[in-house]
Amino acid sequence: MARLLILVLGLLFAGCSTPPGTPSSDVAGLNRAIQNLSPDVDPQEAARAAQIAHDYALQLRAEYRVTDPAIIHNAKVINGFRERGLCNDWAEDMLKRLRQENFRTLDLHWITSPPTPFRIIHHSAAISAKGDGPNDAIVLDGWRNGGDLFWAPVREDTRYNWRPRMEVRAELLAQ
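Right, let's walk through the structure included here. (Residues numbered from 1 in each chain as written. Predicted model: local features only at pLDDT ≥ 70, side-chain atom pairs only at ≥ 80, totals over all residues. Heavy atoms only, no water.)

## Here's the deal with the overall build of the protein
Right, so step 1: Of regular secondary structure, the protein possesses six helices and five strands.
Right, so step 2: When the helices and strands of the protein are read in sequence order from the N terminus, they spell out α-α-α-α-α-β-β-β-β-β-α.
Right, so step 3: Every one of the 175 residues in the protein was classed for burial, and the buried ones make up 49%.
Right, so step 4: Pairs at least 24 residues apart make up 58% of the contacts formed inside the protein by residues separated by at least 6 positions.
Right, so step 5: Accessible area of the protein: about 9100 Å², with a carbon and sulfur share of 54%. (Helix = DSSP H or I, 4+ residues; strand = E, 2+ residues; numbered from the N terminus. Buried < 20%, exposed > 50% of the residue type's maximum accessible area, 1.4 Å probe, protein only. Contact = heavy atoms within 4.5 Å. Areas by Shrake-Rupley, 256 points an atom, 1.4 Å probe, with all protein chains shown as cover.)

## Looking at the packing of helix H3 (residues 43-64) against helix H5 (residues 87-99)
Right, so step 1: At a minimum axis distance of 10 Å, the contact between H3 and H5 shows a crossing angle of 135 degrees. Judged by the angle between their axes, H3 and H5 are oblique. By crossing handedness, the relation of H3 to H5 is classed as right-handed. For the pair formed by H3 and H5, the contact residues are Ala49, Ile52, Ala53, Tyr56, Ala57, Leu60, Arg61 and Tyr64 on the first element and Asp89, Trp90, Asp93, Met94, Arg97 and Leu98 on the second.
Right, so step 2: Class assignment for the residues of the contact of H3 with H5 results in 10 nonpolar, no polar and four charged. (Axes fitted to C-alpha atoms, helices over the stretch in contact; angles between N-to-C directions. Parallel < 35°, antiparallel > 145°, perpendicular 65-115°, else oblique. Left-handed = near helix turned anticlockwise from the far one by under 90°. Nonpolar A, V, L, I, M, F, W, Y, C, P; charged D, E, K, R; others polar.)

## Considering the environment of Ala33
Right, so step 1: Counting through the fold element by element, Ala33 comes out in helix H2 (residues 27-35).
Right, so step 2: Considering only alpha carbons, one finds Ala33 and Ala137, 104 residues apart in sequence, at a separation of 9.8 Å.
Right, so step 3: Setting aside its immediate chain neighbours within four residues, Ala33 contacts Ile138 and Trp151.

Everything listed is a geometric property; what it means functionally is a separate question.
Written out as structure tokens, the structure is:
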């Protein structure tokens, strides 16, 4: 029990807690944001992506049995009390679900914010207009608010230093 308490306290100080973001219930706002990525984005695809991202974050909350703030849930996963629910699980599962839609005018990205002295690594899904990179995408982060989907343009989510996952991975492996 002491080990769990120490881990939880450590994660609280090193982890990824965030101030409130865009309400997850603002599906219409996310739809507009996706449509505004490019005039080439199909409005029906944008609407479908927004609704799926919102609904699937809530579904994952239930599947992962999230009942606590994200950082506490992380401690439960790390200590074997839950099977999934780390940020990389949220990113992987969200991307897998959205890829099932085979969007023609949208691209999906796995983005990562590298660790810093005061924050652990963080992963998320992102969506952009077809052909655009992750810097021009919208973050779709179900982890940080425990299933209430946080979304924002990558450049405006100043809480994290979002970059392509494989780029961050290569840097970490080279250290």
